[in-house]
Amino acid sequence: MSLFKARNWWSTVLGEKEEFDQGCLCLGDVDNTGNGQGDGAQAEDLLLEVHLRDPILQVEVGKFVSGTEMLHLAVLHSRKLCVYSVSGTLGNVEHGNQYQIKLMYEHNLQRTACNMTYGSFGGVKGRDLICIQSMDGMLMVFEQESYAFGRFLPGSLLPGPLAYSSRTDSFITVSSCRQVESYKYQVLAFATDADKRQETEQQKLGSGKRLIVDWTLNIGEQALDICIVSFNQSASSVFVLGERNFFCLKDNGQIRFMKKLDCSPSCFLPYCSVSEGTINTLIGNHNNMLHIYQDVTLKWATQLPHIPVAVRVGCIHDLKGVIVTLSDDGHLQCSYLGTDPSLFQAPKVESRELHYDELDIELKELQKIIKDVNKSQGIWPMTEREDDLKVSAMVSPNFDSVSQATDVAVGTDLVPSVTVKVTLQNRLALQKAKLSVYVQPPLVLTCDQFTFEFMAPEMNRTVSFSVYLKGSYTPPELEGNAVVSYSRPSDRNPDGIPRVIQCKFRLPLKLICLPGQPSKTASHKLTIDTNKSPVSLLSLFPGFAHQSEDDQVNVMGFRFLGGSRVTLLASKTSQRYRIQSEQFEDLWLITNELIIRLQEYFEKQGIKDFACSFSGSVPLQEYFELIDHHFELRINGEKLEELLSERAVQFRAIQRRLLTRFKDKTPAPLQHLDTLLDGTYKQVIALADAVEENQDNLFQSFTKLRSATHLVILLIGLWQKLSPDQVAILEAAFLPLQQDTQELGWEETVDAAISHLLKTCLSKSSKEQALSLSSQLNIPKDTSRLKKHIALLCDRLAKGGRLCLSTDAAAPQTMVMPGGCTTIPESDLEERSIEQDSTELFTNHKHLIAETPMPDISPLQGVSE
């Protein structure tokens, strides 16, 4: 049992399947007995229950009947206000006292009511007036049996909580603008009648004054409730309960104090404290807790059996300070604060002698078992052999007869589109199946979201969509991914267990590429070596070569839809292929397509020992140029956004000054503020256009950088003959992001991943492994450290280093788990070694083509090496 738990004094459940709100609880001497209860009544007795035809919004007790100062019950319905008299008769039988309710008067409302408040409006004595707020922001004042007037609150959109302050004779509410607003009763009384709001301006001026707010305070959040508490006759406080804070305001709207709440509140009740000058506040929240604050200090916290929507404090059966709470489903409880003694005693633990040697042996055996299980099964548990849902994708071998490409920007070329069909077959009845398809931009889909309902097993669903190129640059990959998320119902979870299955498909090269003329010269060249005799390029790339009598075509040109060209040459005698282009990143797609098609060709021939290799130097210099260009655009984007923010602040400041000049009753010269405003506006528009243009350039640069990164990873894998698992580690380190964001960029993320590899599986000594990693990622000042780390990674691989996820393959070391991802703070000695390694790599790169001559290539006419 919890120590801080509300002690239940009396409780009951009201109604059946009814809903209650904060206006449904009121504490008062409604039968006018003078002691708040009937003679002989017990707390568990139901004194009176009456069924009213209309829903009840709020109940209040006050002096609502003229000619008497006795208390009466006011009940607010959506279209009616009723005032009742509650009286009791002394019972002569065992049933006890009897209570009756009598309707004194009622008002039919012309507008839908929201809430009400009451008080001695205008300083009247011996009676209470009622003010009702409608759903459209109208305040309707009733002087007991008669209707007084109605006023619309200016700018009202949605009604908020309403309270009356008797000391200042004003109504306080919170508008939909998230402002606390105070209106004097005298101002409301003499303002323009609400029924004449549609009249002309001249008639308005003749019928009353304009409704002006007394004071406002912006609290920045919606309010749940408002309460007025008076210290004494000379001071009172306005308490406002917000969604995340509660505020204490002075009479003039100044903040006395505020408190940020840890949990979402549901109700509150301020009341005077026993300490002079302080106020206690009960705050209920959605965690079934009731907190008691003295000003802003938490004094007590108690647990309730329900979430309270209304809370009151009263005196019942001479027991002072009884806390009455009501939940939204009708749980009414009277409780008090207290503690229960803990009767639990921990049993004595049997003492036994510990054998530390045996414990060490047992611990090592358990660690070995865990390690073997992780190696054999991986991190995730094995799935069932028979899947709940099968997903397959088929790409049409031909283009669409009518291209679905719309709003493309690839020049004068006709952009084709190809249809992809995805078929789903379920084994069991599934729920909420949603298919999401993703391709690499600038490839786009005609539709990328589909929803299915597999109500019965063994159902087939097929959807079709088209893919086409929208931008003027090439995508980093031609592979698409179809992901299906669904829920599988089970006995323990009828709503279903969420699961995900995916299917990948490959788009044809001809979707983004056309046959082109081979180029004689190129700035960037790569040579791929194989262990088998050369294959005719016409066999590998049917449809990309011009008609030729010679079946052994050894040179072929490709032209991407964006305009760039790539030339592929095959040696007739040696086992080499050369790819060349004017742009370094354009080499990737053709090189990857060549290797894939060579592997497929030899697999069809039944040859299993086919392999590719790369004997040249890794082209890091070209790769670093793309990194620098991408980083420069990131820095430029930050500068442009900072400048745009400054101009926006300047623009708003000029607007405020102009508005002040225009509102001034005495005309004054503008002093060229209008000219300055127009110039600043033009600068804001120009900077916004520049930011958008830089974002487009940054996106294109990131796409090109990803293509170049794929190429570098491919070359490193061929160069060092890395296994697929090692290539996957490189891809995870170099390609961690699908896109750049302001918070996290490619440079710092890749630098952190490479730093982790260098300090674990590629480390030279235990000194490097002991270096700790920070938990913060910030944009670097430049790319020099990143480039040094990439060069050092290549050097470590060239000297025999191997990539692995665990540190077992590295030198003897202690396992160091990364606390974050950031760069390694190398020592000066390490920095010098990096510079030497990178210099050596760059020097070797200059001889990339010279070291791999191809004297036996016979190019087509007009094409030379």
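Just so it is clear, the model here is predicted, and its values are computed rather than measured.

Asker: An account of the overall build of the protein is requested, with residue identities and associated values reported.
Answerer: Counting its regular elements, the protein contains twelve helices and 38 strands. Long-range contacts, defined here as pairs at least 24 residues apart, represent 63% of the contacts in the protein between residues at least 6 apart. Counting every atom, the protein has about 47,800 Å² of accessible surface; 51% of that belongs to carbon and sulfur.

Asker: With reference to specific residues and values, describe the environment of asparagine 554.
Answerer: When you line up the elements, asparagine 554 lands in the loop between α4 (537-540) and β35 (555-560). For the pair asparagine 554 and valine 535, spaced 19 residues apart in sequence, the C-alpha separation works out to 8.5 Å.

Asker: I'd love a proper account of the pairing of strand β6 (residues 113-119), names of residues and values included.
Answerer: Two faces, one strand: in a regular strand the side chains alternate between the faces of the sheet. Judged by how many residues are buried, β6 sits mostly within the fold: five of seven residues are covered. Pairing between β6 and strand β7 (residues 129-134): six bridges, direction antiparallel. Residue pairing across strands places tyrosine 118 opposite isoleucine 130, the latter belonging to β7.

Asker: A description of the packing of aromatic side chains should follow, citing residues and the corresponding values.
Answerer: Summed over all chains, the structure comprises 20 aromatic pairs. Aromatic side chains phenylalanine 246 and phenylalanine 257 sit 6.3 Å apart centroid to centroid with 90° between the ring planes, which places their arrangement in the edge-to-face category. Taken as a pair, phenylalanine 246 in strand β16 (residues 245-249) and phenylalanine 257 in strand β17 (residues 255-260) lie far apart in primary sequence, eleven residues in all. Taken together, the ring pairs connect Phe121, Phe149, Tyr164, Phe171 and Tyr185 into an aromatic cluster. When the ring centre of phenylalanine 399 is taken as origin, the NZ or CZ atom of lysine 510, which lies over that ring, is 5.2 Å away.

Asker: Could you give me a rundown of the sheet that holds strand β30 (residues 460-469), with the residues and numbers involved?
Answerer: What the four strands build is an open sheet, ordered β25-β26-β30-β28; its pairing is antiparallel. Every interior strand has two partners, whereas the edge strands, β25 (389-399) and β28 (443-445), have only one. Averaged over neighbouring strand pairs, the angle between their axes works out to 25° when direction is ignored. Pairing between β25 and strand β26 (residues 417-426): eight bridges, direction antiparallel. Paired with serine 392 across the bridge in β26 is threonine 423.

Asker: Lay out the nonpolar core in plain terms, naming residues and giving numbers.
Answerer: Among the nonpolar cores identified, the biggest contains 102 residues, and Leu435, Val467, Phe558, Tyr623 and Phe734 are the most heavily contacted of them. Here the element with the most residues in this core is helix α7 (residues 673-720); it accounts for ten residues. Apart from the residues lying within four places of it in its own chain, the contact partners of tyrosine 623 are Phe584, Leu705, Ala708, Thr709, Val712, Phe734, Trp746 and Ile790. Counting residues in each nonpolar core, the second largest holds 16 residues, with Phe64, Leu76, Ala113 and Ile132 among its members.

Asker: Residue-level account of the sheet that holds β7, with values.
Answerer: With respect to topology, four strands assemble into an open sheet ordered β6-β7-β8-β9, the strand pairing being antiparallel. Edge positions in the open sheet fall to β6 and β9 (146-152), since each of these has one partner strand only. Each neighbouring strand pair of the sheet contributes to a mean axis angle of 20°, computed without reference to strand direction.

Asker: Quick one: what's the story with the pairing of strand β2 (residues 56-62), residue by residue and with numbers?
Answerer: Burial analysis of β2 places five of its seven residues in the buried class, the great majority of the element. Sheet topology places β2 next to strand β3 (residues 72-77); six bridges connect them, and they run antiparallel. Following the sheet pairing, glutamate 60 is matched in β3 by alanine 74.

Asker: Explain helix α9 (residues 746-759) to me, using residue names and the numbers behind them.
Answerer: Taking 1.5 Å of rise per residue, the 14 residues of α9 would be expected to cover 20 Å, and the 20 Å separating its terminal C-alpha atoms lies within 8% of that figure. Within the sequence span of α9, burial applies to Trp746, Glu747, Glu748, Thr749, Val750, Asp751, Ala752, Ile754, Ser755, Leu757, Leu758 and Lys759.

Asker: Outline unusual backbone geometry, listing residues and values.
Answerer: Geometrically, the link from proline 441 to proline 442 is a cis peptide bond, its omega value of 10° lying close to zero. Of note, proline 442 is situated in the loop between β27 (430-438) and β28. Within the chain, arginine 178 stands out as a residue other than glycine whose phi angle is a positive 65°. In this fold, arginine 178 is placed in the loop between β11 (170-174) and β12 (179-184). The phi angle at histidine 672 is positive, at roughly 60°, despite the residue not being glycine. Note that histidine 672 resides in the loop between α6 (620-663) and α7.

Asker: Before we move on, could you go through empty space enclosed by the protein and cite the residues and values that matter?
Answerer: A water-sized probe, rolled over the atoms, reveals where empty space remains. Summed over the entire model, instances satisfying the criterion amount to one cavity of 30 Å³ or more. Around the largest cavity sit Leu261, Asp262, Cys263, Pro265, Ile283, Asn285, His291 and Tyr293, which together line it. Contributing elements (two or more residues each) for the lining of the largest cavity: β19 (279-285) and β20 (289-294). Of the residues contributing to the lining of the largest cavity, the split by class is five nonpolar, two polar and one charged.

Asker: Give a description of a nonpolar patch on the surface that names residues and reports values.
Answerer: On the surface, a cluster of nonpolar side chains totalling about 240 Å² of accessible area is made up of Trp9, Leu319 and Tyr336. Its place among the elements puts leucine 319 in strand β23 (residues 319-327). Accessibility expressed as a relative area gives 32% for leucine 319, which makes it partly exposed.

Asker: Quick rundown of the pattern of salt bridges? Include the residues and the values.
Answerer: Applying the stated criterion to the full structure yields 16 salt bridges. The salt bridge involving glutamate 593 is made with arginine 506; its shortest N-O contact spans 2.7 Å. Remark: arginine 506 occurs in strand β32 (residues 497-506) and glutamate 593 occurs in helix α5 (residues 587-604); sequence separation between them is 87 residues. Judged by its relative accessible area of 32%, arginine 506 falls in the partly exposed class.

Asker: Describe the packing of α9 against helix α11 (residues 784-798), listing the residues and the values that go with them.
Answerer: At a closest axis distance of 10 Å, the pairing of α9 and α11 adopts a crossing angle of 35°. Between α9 and α11 lies a crossing whose hand is left-handed. Here Trp746, Glu747, Val750, Asp751, Ile754, Ser755 and Leu758 of α9 lie close against α11, whose contacting residues are Arg785, Leu786, His789, Ile790, Leu792, Leu793 and Arg796. Within the contact of α9 with α11, the residues separate by chemical class into eight nonpolar, two polar and four charged.

Asker: I'd love a proper account of the environment of proline 489, names of residues and values included.
Answerer: Assignment of secondary structure puts proline 489 in the loop between β31 (479-488) and β32. A C-alpha to C-alpha distance of 7.0 Å links proline 489 and leucine 430, two positions 59 residues apart in sequence.

Asker: Explain a negative patch on the surface residue by residue, including any values.
Answerer: Together, Asp357, Glu358, Asp360, Glu362 and Glu365 make up a region of like negative charge exposed at the surface. When you line up the elements, glutamate 362 lands in helix α3 (residues 356-377).

Asker: Before we move on, can you summarise the environment of arginine 597 with the specific residues and values?
Answerer: Mapped onto the elements, arginine 597 comes out in helix α5. For arginine 597, a relative accessible area of 17% puts it in the buried group. Along the chain, arginine 597 and phenylalanine 541 lie 56 residues apart, while their C-alpha atoms are 8.3 Å from each other. Residues in contact with arginine 597, not counting those within four places in the same chain, are Leu509, Leu540, Phe541 and Pro542. In terms of polar contacts, arginine 597 uses its side chain to reach the backbone carbonyl oxygen of leucine 540, at 2.9 Å.

Basis of the calculations
Residues numbered from 1 in each chain as written. Predicted model: local features only at pLDDT ≥ 70, side-chain atom pairs only at ≥ 80, totals over all residues. Heavy atoms only, no water. Helix = DSSP H or I, 4+ residues; strand = E, 2+ residues; numbered from the N terminus. Contact = heavy atoms within 4.5 Å. Areas by Shrake-Rupley, 256 points an atom, 1.4 Å probe, with all protein chains shown as cover. Buried < 20%, exposed > 50% of the residue type's maximum accessible area, 1.4 Å probe, protein only. Pairing = 2+ DSSP bridges. Phe/Tyr/Trp six-rings, centres within 6.5 Å; stacked < 30°, edge-to-face > 60°. Lys NZ or Arg CZ within 6 Å of the ring centre and 35° of its normal. Axes fitted to C-alpha atoms, helices over the stretch in contact; angles between N-to-C directions. Core = buried A, V, L, I, M, F, W, Y, C linked by side-chain atoms within 4.5 Å. Expected span 1.5 Å × (residues − 1). 1 Å grid on protein atoms, 1.4 Å probe; cavity = no way out; pocket = protein on both sides within 12 Å on 5 of 7 lines; lining within 4 Å. Points joined across faces, edges and corners; volume = space filled by probe spheres on them. Nonpolar A, V, L, I, M, F, W, Y, C, P; charged D, E, K, R; others polar. Patch = residues over 30% accessible without salt bridge, like charges linked within 9 Å, V, L, I, M, F, W, Y side chains within 5 Å. Salt bridge = Lys/Arg side-chain N within 4 Å of Asp/Glu carboxyl O. Left-handed = near helix turned anticlockwise from the far one by under 90°. Lys, Arg positive; Asp, Glu negative; His and termini not counted. Charge placed at Lys NZ, Arg CZ, Asp CG, Glu CD. Polar contact = N/O pair within 3.5 Å; in protein donor to acceptor, adjacent residues only side chain to side chain.

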